[in-house]
Amino acid sequence: WNPSHKFIPRSFRLYKGVEAPKIPVDKDSSNYHEDNLHVLLGKFQFEAKGQFHDKGEPAEKEIFQAAFDLHLVGWLKVRSDFVLGHVQGDTFALSYFRKYLEEKHLSREAGDIDWVRLWNVNTGLQAPLEYKILFCEKDKRRYKNKKVHILAQLEKDRIREFQEKASHKALNEAEETYNA
């Protein structure tokens, strides 16, 4: 059932209020300077890979607090080995948050960021943003599903260790035959 679908009987249609008039955004970049650049709205999505302690909870608190203090809206998803997010706000706040991520300003208790990737970087958005609040997406998988993924990750790690040992062993044997 989709209320926006046109072929639904009129009895199921929902009332749509009068749309507020949109304030036009000036697209000419020459009209923006240091005094009014904060009026310009933007957004970006990001991904950060790394190792975050305690299932990413301290990192989640720090990243959320940094974004919240900058009055950004959107969502964050923090796990033990990655951070994903989509944030929106004014251009000054976005540039500070981008710098925060790229310079890896996490405490040692939270973990380490290895690399950051940004995409969908956009400025000049219309005034009503897609999100109204900043929220964190929690891991709501059942234990059995988490267990399956943990076991798969452990198996991958074990295979990688065996491959590294085999390559070191082959390298050592090659050095012994070369030295003999």
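Before reading further, recall that the structure is shown in the block above.
Residues numbered from 1 in each chain as written. Predicted model: local features only at pLDDT ≥ 70, side-chain atom pairs only at ≥ 80, totals over all residues. Heavy atoms only, no water.

Draft legend 1. The overall build of the chain, seen in detail. In terms of helices and strands, the chain carries three helices and five strands. Helices (α) and strands (β) of the chain occur, in sequence order from the N terminus, as β-α-β-β-α-β-β-α. Taking 2.2 N^0.38 as the reference for a compact globule, 180 residues should give roughly 16 Å; the C-alpha atoms of the chain span a radius of gyration of 24 Å, well beyond that estimate. Its C-alpha atoms put the chain at 85 × 50 × 30 Å along the principal axes. The buried share of the chain, taken over its 180 residues, is 26%. For the chain, the share of sequence-separated contacts (at least 6 apart) that also reach a separation of at least 24 residues comes to 76%. When the accessible surface of the chain is totalled, it reaches about 13,900 Å², and 54% of it is carbon and sulfur. Across the chain, the mean location of the 30 positive side-chain charges is 11 Å away from that of the 28 negative side-chain charges. (Helix = DSSP H or I, 4+ residues; strand = E, 2+ residues; numbered from the N terminus. Rg over C-alpha atoms; globule rule 2.2 N^0.38 Å. Buried < 20%, exposed > 50% of the residue type's maximum accessible area, 1.4 Å probe, protein only. Contact = heavy atoms within 4.5 Å. Areas by Shrake-Rupley, 256 points an atom, 1.4 Å probe, with all protein chains shown as cover. Lys, Arg positive; Asp, Glu negative; His and termini not counted. Charge placed at Lys NZ, Arg CZ, Asp CG, Glu CD.)

Draft legend 2. Structural context of the pairing of strand β2 (residues 73–78). As judged from the six bridges shared by β2 and strand β3 (residues 82–90), these two strands associate in the antiparallel manner. By the bridge assignment, valine 78 is partnered in β3 with valine 83. In this sheet, strand β5 (residues 134–136) lies alongside β2 in parallel orientation, the contact comprising three bridges. Note on β5: the bridge partner recorded for leucine 76 is cysteine 136. (Pairing = 2+ DSSP bridges.)

Draft legend 3. Here's a closer look at the side chain of threonine 91. If you trace the backbone, threonine 91 turns up in helix α2 (residues 91–102). Since its relative accessible area comes to 14%, threonine 91 is described here as buried. Once residues lying within four places of it in the same chain are set aside, the contact partners of threonine 91 are Leu37, His38, Leu40 and Thr123.

Draft legend 4. Up close: unusual backbone geometry. At histidine 71, a position not held by glycine, the phi torsion is positive, near 60°. Relative accessible area serves as the criterion here: at 67%, histidine 71 is assigned to the exposed category. With a phi close to 55°, lysine 104 is a non-glycine residue in the positive phi region. Following the sequence through the fold, lysine 104 ends up in the loop between α2 and β4 (111–123).

Draft legend 5. Region of the structure containing the environment of isoleucine 113. Mapped onto the elements, isoleucine 113 comes out in strand β4. Overall, the relative accessible area of 11% leaves isoleucine 113 in the buried class. As for isoleucine 113 and glutamine 51, which are separated by 62 residues in sequence, their C-alpha atoms are 6.7 Å apart. Those residues in contact with isoleucine 113 that sit more than four places away from it in its chain are Ala48, Lys49, Gly50, Phe52, Leu101, Lys104 and Leu106.

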